[in-house]
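# Chains, contacts and geometry: an overview
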Amino acid sequence: MSSEPEEEPVSVLQRFEKRLEGLVEGAFAKVFKGVVHPVEILNAMQREAEAHKAILAGGRTLVPNRYVIDLSPYDHSRLAPYAAALAQELAQSQAEFIGEQAWTVYGDVIVEIERGDGLDTGMFRVTAEVYTGGEVAPVQQPAYDAGPQYSPYDQQGGYGQPHHGGPRSVGLVSGDGRTYPLQMGSTVIGRGDQANLRLPDVGISRRHARLDYDGNQVVLTDLGSTNGTMVNGQRVSAVALNPGDMIQLGTTTLTFRVDG
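To start, this report covers the structure provided alongside it. None of these values were measured; they are calculated from a predicted model. (Residues numbered from 1 in each chain as written. Predicted model: local features only at pLDDT ≥ 70, side-chain atom pairs only at ≥ 80, totals over all residues. Heavy atoms only, no water.)

Looking now at the nonpolar core. Ranked by internal contacts, the top residues of the largest apolar core, which has 27 residues, are Met 45, Tyr 67, Ile 69, Leu 90 and Val 111. Elements with a contribution of two residues or more to this core: α1 (12-21), α3 (38-51), β3 (66-71), α5 (83-100), β4 (110-115) and β5 (124-129). A total of seven residues in this core trace back to one element, the largest contributor, which is α5. Among all residues touching Leu 90, those that are not within four sequence positions of it are Phe 16, Pro 38, Ile 41, Leu 42, Met 45 and Val 111. Formed by 21 residues, the second largest nonpolar core is a distinct cluster that contains Tyr 180, Leu 220, Leu 249 and Val 258. (Core = buried A, V, L, I, M, F, W, Y, C linked by side-chain atoms within 4.5 Å. Buried < 20%, exposed > 50% of the residue type's maximum accessible area, 1.4 Å probe, protein only. Helix = DSSP H or I, 4+ residues; strand = E, 2+ residues; numbered from the N terminus. Contact = heavy atoms within 4.5 Å.)

Structure, rendered in structure tokens:
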């Protein structure tokens, strides 16, 4: 009596292709017909992980957890309606691949899909890095130059009124308790390299919003982001922040805090 043949293990790429079939009723097959295909992107991400391995103490292997995919303008425009779903699937498949290799990453695998000006149709570029969280880089711009006046928190002696003891300590607090102090001047929030406060959220633009602090008040300005900036549930273009205001960027919520 012959035994049933053993099933061959399903590879990460096969699982990825299977999940793609269920997305938006096969729209990916039409979008990528004749141009770059998601499987090619995942292959390139795996090669980038392999190329950037680093050996840690104890023999563990560290690989990048953040991958930026630059597509040609034509491919990017065709993909735009499905970019978030594809980024999520790529991140999941890359995490599975890394796990199968018994490699180590800092935090979650993040995939960002961007427009790569200068790339020809069908071409793409993958950039990989080890991303450890939302560090605040040194402020690059000079002190805030007050323009139009916004209504601050104007209770007598409250935030927004002249403070003779020097600038107050202000900052943002994330939902998981991380604190991001704000310095005098301008702080750009985003997920790109040019942002001062970088947040790993695919719903956040590379340069999403700017915070301007002049020592008395903080003004939040949206920088033309794709998904907009919300304060206390209302979409804003520019607004002076009050203590306790809830700022939503993508899926990230930050609370504005004033000490002193």
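Moving on to the sheet that holds β5. Read from one edge to the other, the open sheet built from three strands follows the order β4-β3-β5, with strand pairing classed as mixed. Of all the strands in the sheet, the pair left with one neighbour each is β4 and β5. In this sheet, neighbouring strand axes are inclined to one another by 20° on average, regardless of whether the strands run parallel or antiparallel. Pairing geometry for β3 and β5, over six bridges, is antiparallel. Following the sheet pairing, Leu 71 is matched in β5 by Phe 124. Of the strands in this sheet, β3, β4 and β5 are in contact with α3, which crosses β5 at around 35°. (Pairing = 2+ DSSP bridges. Axes fitted to C-alpha atoms, helices over the stretch in contact; angles between N-to-C directions.)

This next bit is on the pattern of salt bridges. Note that side chains of opposite charge can pair when their charged atoms are close. On inspection of all chains with the given rule, the structure shows 14 salt bridges. A salt bridge links Arg 191 to Glu 112, with the nearest nitrogen and oxygen atoms 2.9 Å apart. With Arg 191 in the loop between β8 (185-190) and β9 (197-198) and Glu 112 in strand β4, the pair connects residues that are 79 residues apart, well separated along the chain. The two residues Arg 191 and Glu 112 agree in class, both being buried. Its salt-bridge partner being Arg 198, residue Glu 129 comes within 2.7 Å of it at the nearest N-O pair. Separated by 69 residues along the polypeptide, Glu 129 in strand β5 and Arg 198 in strand β9 bring together distant segments of the chain. Judged by its relative accessible area of 25%, Glu 129 falls in the partly exposed class. For Arg 198, a relative accessible area of 17% puts it in the buried group. Via salt bridges that share partners, Arg 66, Glu 112, Glu 114, Glu 129, Arg 191, Asp 193, Arg 198 and Arg 206 belong to a single interconnected network. (Salt bridge = Lys/Arg side-chain N within 4 Å of Asp/Glu carboxyl O.)

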